[in-house]
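Given next are the chains, with one letter for each unit.
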Amino acid sequence: MERLKDKVVIITGSARGIGFSIAEAFARNGAISVILDLNQEDIDKAVQKIDDLGFRALGFAANVTDPNAIAAVFKEIVGQLGRIDVLINNAGITKDGLIMKMKESDWDAVIAVNLKGTFVCSQKVCRYMLKQRSGSIINIASVIGIMGNAGQANYAASKGGIIALTKSTAKEFASRGIRVNAVAPGFIKTEMTENLSQEVVDKYSEAIPLRRMGLPKDVADLCVFLASDEADYITGQTINVDGGLIM
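Keep in mind that what you see is a predicted model, and the values were worked out from it rather than measured.

Trainee: Explain the environment of valine 47 to me, please; I cannot follow it from the model alone.
Mentor: Relative to the helices and strands, valine 47 is located in helix α2 (residues 40-52). Separated by 190 residues in the primary sequence, valine 47 and glutamine 237 place their C-alpha atoms 30 Å from one another. Non-local contacts of valine 47, meaning those with residues more than four positions away in its chain, are made with Ile35, Ala57, Leu58 and Gly59.

Written out as structure tokens, the structure is:
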């Protein structure tokens with residue numbers, strides 16, 4: 001399938017995990033996937049994996065909280081590829097803890113990467129999309145930003161903020177043909193969840209109507225759809241990928 005043939009797609013935090021699955025899915029659908037992450041060695045490995053599959057990818061190292069670095073990278077990407085069609089704001093971190101014991105530095109770090117990073121990248125990419133009068137921005141939120149979770153006040157606040165940011169930017173950009181949507185994953189199998197005990201996994205699964213955790217591919221496939229022409233009348237929405245956990 002080449003439903004996104006030659007589209008230039010930037011995925012932040014995509015050297016591994018859900019971000020890499022999104023980058024691979026876009027590449028399989030004909031897009032040029034741009035891996036943007038922190039560690040150059042991890043970025044190179046991710047790009048090589050996509051190259052080995054016979055698809056096209058590029059890699060850049062930058063911190064999403066640094067406006068100057070992001071502006072420079074986006075300028076370089078446009079210089080090489082001519083445009084930016086899709087931005088996936090996926091970069092995110094967790095620093096969990098009960099709020100009464102949470103360090104201020106842990107609050108600041110999560111808000112900076114998850115929420116400020118989404119703002120910075122959206123702000124810097126819009127100058128190119130506004131000129132093109134087209135584009136799609138997809139923000140990776142979380143069901144935790146909707147339902148909250150004990151021990152994750154900082155993470156929940158950052159993801160809830162992303163949902164609100166999605167609605168506001170969607171209203172600002174719609175008249176220029178730019179769509180902005182959010183994807184809110186539930187419990188997804190990743191490297192982090194592999195460290196959970198079977199008891200914890202079973203507990204999570206029992207709370208999910210479909211009785212299983214999701215896969216990174218479930219998130220990636222929705223992102224591909226939202227970026228495609230098939231979703232050209234969808235904007236300002238937050239779509240849960242959670243097996244029915246939140247209804």
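Trainee: Could you clarify how one ought to interpret the sheet that holds strand β4 (residues 86-89) in this entry?
Mentor: Sheet strands pair via backbone hydrogen bonds, and the direction of the pair is either parallel or antiparallel. A sheet is described by the order of its strands in space; here 7 strands give the open sequence β3-β2-β1-β4-β5-β6-β7, paired in parallel fashion. The open sheet is flanked by β3 (57-61) and β7 (238-241), the only strands paired with a single partner. Taking the axes of each pair of neighbouring strands and ignoring which way they run, one obtains an average angle of 20° across the sheet. When strand β6 (residues 178-185) meets β7, the two strands line up parallel, connected through 4 bridges.

Trainee: How do you make sense of the pattern of salt bridges when you look at a structure like this?
Mentor: Pairing between side chains of opposite charge can happen when the charged atoms of each approach one another. A full pass over the atoms with the stated rule returns 9 salt bridges. Note that aspartate 6 and lysine 5 form a salt bridge whose closest N and O atoms lie 3.9 Å from each other. Close ionic contact of aspartate 221 with lysine 217 constitutes a salt bridge, the shortest N to O distance being 2.7 Å. Of this pair, aspartate 221 and lysine 217 both sit in helix α8 (residues 216-227), 4 residues apart, which is roughly one turn of that helix.

Trainee: Looking at this model, I keep getting lost on the packing of helix α3 (residues 67-81) against helix α4 (residues 104-132). Mind explaining?
Mentor: How two helices pack is summed up by the angle between their axes together with the distance between the axes. Remark: α3 packs on α4, axes separated minimally by 9 Å, with the N-to-C direction vectors making an angle of 35°. In this structure, the crossing between α3 and α4 has a hand that is right-handed. Within the contact between the two elements, α3 uses Pro67, Ile70, Ala71, Phe74, Lys75 and Val78 and α4 uses Val120, Cys121, Lys124, Val125 and Tyr128. Split into classes, the residues belonging to the contact of α3 with α4 amount to 9 nonpolar, no polar and 2 charged.

Trainee: Would you take a moment to explain the packing of aromatic side chains for this structure?
Mentor: Each aromatic ring pair is specified by the distance between its two centres and by the angle formed by the two planes. A full pass over the atoms with the stated rule returns 1 aromatic pair. Measuring from centroid to centroid gives 4.1 Å for phenylalanine 187 and tyrosine 204, while their planes differ by 15°, and the two rings are stacked. Here tyrosine 204 lies in helix α7 (residues 198-206) and phenylalanine 187 lies in the loop between β6 and α7, a separation of 17 residues in the sequence. For tyrosine 204, a relative accessible area of 28% puts it in the partly exposed group.

About the thresholds
Residues numbered from 1 in each chain as written. Predicted model: local features only at pLDDT ≥ 70, side-chain atom pairs only at ≥ 80, totals over all residues. Heavy atoms only, no water. Helix = DSSP H or I, 4+ residues; strand = E, 2+ residues; numbered from the N terminus. Contact = heavy atoms within 4.5 Å. Pairing = 2+ DSSP bridges. Axes fitted to C-alpha atoms, helices over the stretch in contact; angles between N-to-C directions. Salt bridge = Lys/Arg side-chain N within 4 Å of Asp/Glu carboxyl O. Left-handed = near helix turned anticlockwise from the far one by under 90°. Nonpolar A, V, L, I, M, F, W, Y, C, P; charged D, E, K, R; others polar. Phe/Tyr/Trp six-rings, centres within 6.5 Å; stacked < 30°, edge-to-face > 60°. Buried < 20%, exposed > 50% of the residue type's maximum accessible area, 1.4 Å probe, protein only.

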